[in-house]
Amino acid sequence: MTRFRPLGLLAAAVLSLTAALPASAVVFRSADVHNADDYPTVAAVKHMSELLEKRSNGKYTIKVFNKSALGSEKQTLDQLKIGALQLNRVNISSLNSLCPKSLVPTMPFLFDSVAHMRKTLDGPVGDEILRGCEAQGMVGLAFYDSGSRSIYAKKPVRTPADTKGLKIRVQPSELWVAVASAMGANPTPMPAGEIYTALKTGVIDAAENNIPSYDGFKHYEAVKFYSRTEHSMAPEVLLMSKIVYDRLSKADQDLFRAAAKESVVFQRKKWDEQEQKSLAIVTKGGAQFVSDVDRAAFKAAMAPVYAKFINTPDLQRLVKATQDSK
């Protein structure tokens, strides 16, 4: 019997190793429209995948499909709701028509600073807004930074008079159509992938976005004046299909939520670094930054927008809670 002991020990070791491996590895697909593989939101979901893979012993990983590989944000949301897509990173404006509470952090001139925005979204107000899409088949996992959105055009924009009649691309959202209209502009909704050509050919005169997007989509090649209206700090949202989420055990649900929350810290660091990197790139590319913007005049013009969209006691409560969270 002694001579068979090494074989027995080897068999036990193999059985032990096999037991430690996941029964079946699951690769979740996640969508993102941004082009760069190292764009902060893309990199953050990849970081989340690394956390999941380590903590689940290889059971769960995430493959990120960026560059609109799976379609526009609207198309990927449709896929997410039916479980054909497991995860999705979208701008919160894409959710406005589906989840009423998502309107709150999208409202123009709501946040006074990045610190104010982060404090609000990390707290009870943010948690309540994330829960607001579950009835639509989507579980909100985390908010990512999207910077301050400003207007870039073929001319400087300093006051609402400068936006009057301007054909400006906006996200396909009723709210953003109203915001541009309140500025006196002519809103033109279109997917992100169409903006560059539209700016180049004169289909639109302007667009609005953060500096990393101005850089990442190469829009600075088409229009050179970036006017710091900073009219929105609407965040990005990481969502999970509720159909997929509900199939997970409670322990695995907690695992995904924890990894998503930790990816926020990673994303914010990457975002701050990307803003500085993009600022240098677009400046070298000839972009001119306009800082003497009359934000008070633009903010005053938004009163009809708030009256139209923040039209329930629940939404009014959330706006006040946001304003009080400074």
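As a reminder, the structure under discussion sits directly above these lines.
Position labels on residues start from 1 in each chain and follow its written sequence. Residue-level local features of this predicted model are given only where pLDDT is at least 70; pairs of side-chain atoms are given and counted only at 80 or more, and the full residue set underlies all totals for whole chains, interfaces and linings. Hydrogens and waters are ignored; side-chain quantities use all the structure's heavy atoms.

Asker: Honestly, the nonpolar core in this entry has me stumped. Any pointers?
Answerer: Side chains that are nonpolar tend, in soluble globular proteins, to be buried together. Counting 50 residues, the largest nonpolar core has Leu95, Met138, Leu175 and Leu239 as its most contacted members. Helical segments are the DSSP runs of H or I of at least four residues, strand segments are the runs of E of at least two, and each set is numbered from the N terminus. In terms of residue count, helix 7 (residues 174-182) provides more of this core than any other element does, five residues in total. Counting residues in each nonpolar core, the second largest holds 27 residues, with Val42, Leu52, Val244 and Leu248 among its members. We define the nonpolar core as a collection of buried residues of types Ala, Val, Leu, Ile, Met, Phe, Trp, Tyr and Cys that are connected through side-chain atoms lying within 4.5 Å of one another. Each residue gets one of three labels from its accessible area relative to the maximum for its type: buried under 20%, exposed over 50%, partly exposed in between, using a 1.4 Å probe on protein chains only.

Asker: What exactly am I supposed to notice about the environment of lysine 308 here?
Answerer: If you trace the backbone, lysine 308 turns up in helix 13 (residues 303-309). The spacing of lysine 308 and leucine 175 is 133 residues in sequence and 9.2 Å in space, taken between C-alpha atoms.

Asker: Help me out: how do you make sense of helix 4 (residues 114-121) in this one?
Answerer: For an α-helix the count is 3.6 residues per turn, leaving residues at separations of three or four pointing the same way. Within the span of helix 4, buried status applies to His116, Met117, Arg118, Thr120 and Leu121. Close packing links the buried residues of helix 4 with helix 5 (124-131), strand 4 (138-144), helix 11 (250-284) and helix 14 (313-324). The contact criterion used throughout is that any non-hydrogen atoms of two residues lie within 4.5 Å.

Asker: Explanation requested: the side chain of serine 278 in the structure shown.
Answerer: Looking at the element boundaries, serine 278 is found in helix 11. What makes serine 278 buried here is its relative accessible area of 0%. Excluding its chain neighbours within four sequence positions, the residues that come into contact with serine 278 are Ile211, Pro212 and Asp215.

Asker: What's the story with unusual backbone geometry in this structure? I'm lost.
Answerer: Both trends apply: most residues other than glycine have a negative phi, and most peptide bonds are in trans. The phi dihedral of asparagine 57 is positive, around 55 degrees, even though this residue is not glycine. With respect to the helices and strands, the residue asparagine 57 is situated in the loop between helix 2 (40-55) and strand 2 (60-65). At lysine 67, a position not held by glycine, the phi torsion is positive, near 60 degrees. Mapped onto the fold, lysine 67 is located in the loop between strand 2 and helix 3 (73-81).

Asker: For this particular structure, what's the right way to read the pairing of strand 6 (residues 167-170)?
Answerer: Look at any regular strand and the pattern is simple: side chains alternate between the two faces of the sheet. Two strands pair if DSSP finds at least two bridges between them. Here strand 6 runs beside strand 7 (residues 186-189); their pairing, made up of four bridges, is parallel. Looking at strand 7, one finds that isoleucine 168 is bridged to proline 187. Remark: the strand 6/helix 7/strand 7 crossover connection has right-handed handedness. Call a crossover right-handed when, viewed with both strands pointing away from you, the route from the first strand across the helix to the second goes clockwise.

Asker: Teacher, can you tell me more about the sheet that holds strand 10 (residues 236-241) here?
Answerer: Two modes of strand pairing occur in sheets, parallel and antiparallel, and in both the strands are linked by backbone hydrogen bonds. Spatial ordering of the open sheet is given by 2-1-3-10-4, a layout of five strands whose pairing is mixed. A strand with exactly one partner marks an edge of an open sheet, and here the two such strands are strand 2 and strand 4. For this sheet the average axis-to-axis angle between neighbouring strands, irrespective of direction, equals 25 degrees. Taken together, the two bridges between strand 1 (residues 26-31) and strand 3 (residues 87-91) define a ladder with parallel strand orientation. Following the sheet pairing, serine 30 is matched in strand 3 by leucine 87. Comment: axis = line fitted to C-alpha atoms, over the contacting stretch for helices; angle = value between 0 and 180 degrees taken between N-to-C directions. Contacting strand 4 and strand 10, helix 5 crosses the sheet at an angle of about 145 degrees to strand 4. Against the sheet, helix 11 touches strand 1, strand 2, strand 4 and strand 10, its axis set at about 25 degrees to strand 4.

Asker: Can you help me understand the pattern of salt bridges in this one?
Answerer: When charged atoms on two side chains of opposite charge get close, those side chains can pair. By salt bridge we mean one thing: a side-chain nitrogen of Lys or Arg within 4 Å of a carboxyl oxygen of Asp or Glu. Going through the model one piece at a time under the given rule, you end up with 26 salt bridges. Where lysine 59 meets aspartate 252, a salt bridge forms, and the shortest distance between an N and an O atom there is 3.3 Å. Taken together, the residues lysine 59 in the loop between helix 2 and strand 2 and aspartate 252 in helix 11 connect sequence positions 193 residues apart. When salt bridges that share partners are traced, they join Arg118, Asp122, Asp145, Arg268 and Asp272 into one network.

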